[in-house]
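Each chain, letter by letter, is given below.
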Amino acid sequence: MSVLNVDFDFAIKLSSKGAFDPNGFIRVINKIMTHHKGPIFRFVLYIPYEINLDSFQEVDQWMLILSRNSVKQFILVNSNLVYPLHSSVFSCMELKYLGIYNCIFKPPIGFEGFPNLQSCNLMNIHFGDNLGGTVINLPQLKMLALDTCGNVKSFNIKAVNLRTLRVISCLDAMSLPLLHSERLDVVQIRLLKSKVDFPRVERFNLAVMLSKLPMVVSFTIDGYFLKFLAAEKFPKWLPHEAKCLKKLEFQSFNFGDLDQLEGALYMLQNSPNLKGLHVTHEQMV
């Protein structure tokens, strides 16, 4: 068996039609995973909010089994209670893709990283408060997406081969050391909130992020980020031309906002080799 999809929503539909209840579904999955021999290359788990969970004991057991079965792709979409990732997940050294939603990411002491991870998609993830500054090595990571994550500054990763970075509504992501990656060429930053909602958030460490912009080929930002930059005075943060920039995209852009217009014009003036410009208009609230 190479692929196993566990969908609790399917269990709810079965129970509504008079088949076995969700607990019976769980027992079936337990038997399949316990008696399975050989690798499970791809594991997808969906937990809807309708399932009544007193604990994640069964899920923890599945994570333990996965760690022993050479899983390479792990996707967990959790619409239920916040799930603290079991420590065994951090023993999945053959992982190439990790996609998780609504979890607590707190590696055990001694965890050094995923040596084979190439793509990582994290949404609504809270990073443990006491990671102790441990560096997480992700030497093969090429794509990282962070969406509405908390305490991102504790996610101290080293990803020297990172090519694509997408950050959506993460207050402190700009302080991550990964922004020093010399291979980083695709960057997307979306705040989704007005700058007034970001009281002195380490100023996003903008000096670090924008100092890398001259190496970026594709850059996407939203209107809120443009307003933030305009308030911080562009020349201070973008002292050099972005000569490598080929594609520029403004999302949620308001043509009636003078700050956004000022920011957009400054970006265009400092992108002499631009090949493509895409603007999505949206009335900001």
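Everything below is about the structure printed above this text.
This text gives an overview of the structure that appears in the document. Keep in mind it's a predicted model, so treat the numbers as computed, not measured.

What follows deals with the nonpolar core. Core analysis: the largest hydrophobic core is formed by 67 residues, its most contacted members being Phe43, Met63, Phe74, Ile100 and Leu122. For Met63, the contacting residues outside a window of four places in its chain are Phe43, Leu45, Phe74, Tyr83, His86, Ser88 and Val89.

Another point: the pairing of strand β5 (residues 97–105). In this sheet, β5 lies alongside strand β3 (residues 73–78) in parallel orientation, the contact comprising 5 bridges. Directly across from Leu76, in β5, lies its bridge partner Ile100. Looking at chain direction, strand β4 (residues 83–84) and β5 are connected through 2 bridges and run parallel. Note that in β5 the partner of Tyr83 across the bridge is Cys103. Pairing analysis gives 8 bridges linking β5 to strand β6 (residues 119–127), with the strands arranged parallel. Bridge pairing in β6 places Tyr97 opposite Ser119.

It is worth spelling out the pairing of strand β13 (residues 247–253) at this point. Burial runs high along β13: 6 of the 7 residues are buried. When strand β12 (residues 218–222) meets β13, the two strands line up parallel, connected through 5 bridges. Paired with Ser218 across the bridge in β13 is Lys247. Direction of pairing for β13 relative to strand β14 (residues 276–281): parallel, over a ladder of 5 bridges. Counted as the bridge partner of Phe253 is His281 from β14. Once the chain exits β13 it traverses helix α7 (residues 258–269) before rejoining the sheet at β14, and the crossover so formed is right-handed.

What follows is about the packing of aromatic side chains. Considering all chains together, one arrives at 11 aromatic pairs under this definition. Ring geometry for Phe56 versus Tyr83: centroids 4.7 Å apart, planes at 45°, classification tilted. Placement of the pair is Phe56 in the loop between β2 (42–47) and α3 (57–66) and Tyr83 in strand β4, with a sequence separation of 27 residues. Aromatic side chains Phe90 and Phe111 sit 5.1 Å apart centroid to centroid with 70° between the ring planes, which places their arrangement in the edge-to-face category. Taken together, the residues span a long stretch of sequence, with Phe90 in the loop between β4 and β5 and Phe111 in the loop between β5 and β6 at a distance of 21 residues. Assigned by exposure class, Phe90 and Phe111 land together as buried. The rings of Phe90, Phe105, Phe111, Phe114, Phe127 and Phe155 are connected pair by pair, giving a single aromatic cluster.

Between helix α5 (residues 223–231) and α7, the least distance of the axes is 8 Å, while the angle of their chain directions is 85°. Classified by the angle between their axes, α5 and α7 sit roughly perpendicular to one another. Side by side, α5 and α7 meet where Gly223, Leu226, Lys227 and Ala230 of the first sit next to Asp259, Gln260, Gly263, Ala264 and Met267 of the second.

The next point concerns the side chain of Asn102. On the secondary structure map, Asn102 appears in strand β5. The class for Asn102 is buried, based on a relative accessible area of 9%. Among the polar contacts made by the side chain of Asn102, one reaches the main-chain carbonyl oxygen of Asn80 at a distance of 2.9 Å. Of the polar contacts made by the side chain of Asn102, one reaches the side chain of Asn124; its length is 3.2 Å. In this structure Asn102 touches Asn78, Asn80, Leu81, Val82, Tyr83, Met123, Asn124 and Ile125, once residues within four positions along its chain are discounted.

Moving on: the environment of Leu95. Structurally, Leu95 is set in the loop between β4 and β5. Sequence-wise, Leu95 and Asn116 are 21 residues apart; in three dimensions their C-alpha atoms are separated by 6.0 Å. Sequence-distant contacts of Leu95, defined by excluding residues within four places in its chain, comprise Val71, Lys72, Gln73, Phe74, Phe114, Asn116 and Leu117.

Let us look at α3. Among the residues making up α3, those that are buried are Val59, Trp62, Met63, Ile65 and Leu66. All buried residues of α3 project into a common sector of 160° when viewed along the axis, lining one side.

Right, let's get into the environment of Glu249. Of note, Glu249 is situated in strand β13. Glu249 sits 31 residues away from Thr280 along the chain, and the two C-alpha atoms are 8.1 Å apart. Every residue in contact with Glu249, bar those within four places of it in the chain, is listed here: Phe219, Thr220, Ile221, His278 and Thr280.

Each value, and the rule that gives it
Residues numbered from 1 in each chain as written. Predicted model: local features only at pLDDT ≥ 70, side-chain atom pairs only at ≥ 80, totals over all residues. Heavy atoms only, no water. Core = buried A, V, L, I, M, F, W, Y, C linked by side-chain atoms within 4.5 Å. Buried < 20%, exposed > 50% of the residue type's maximum accessible area, 1.4 Å probe, protein only. Contact = heavy atoms within 4.5 Å. Pairing = 2+ DSSP bridges. Helix = DSSP H or I, 4+ residues; strand = E, 2+ residues; numbered from the N terminus. Right-handed = clockwise from strand over helix to strand, strands pointing away. Phe/Tyr/Trp six-rings, centres within 6.5 Å; stacked < 30°, edge-to-face > 60°. Axes fitted to C-alpha atoms, helices over the stretch in contact; angles between N-to-C directions. Parallel < 35°, antiparallel > 145°, perpendicular 65-115°, else oblique. Polar contact = N/O pair within 3.5 Å; in protein donor to acceptor, adjacent residues only side chain to side chain. Arc of directions from axis to C-beta.

This is a description of form; function is not addressed.
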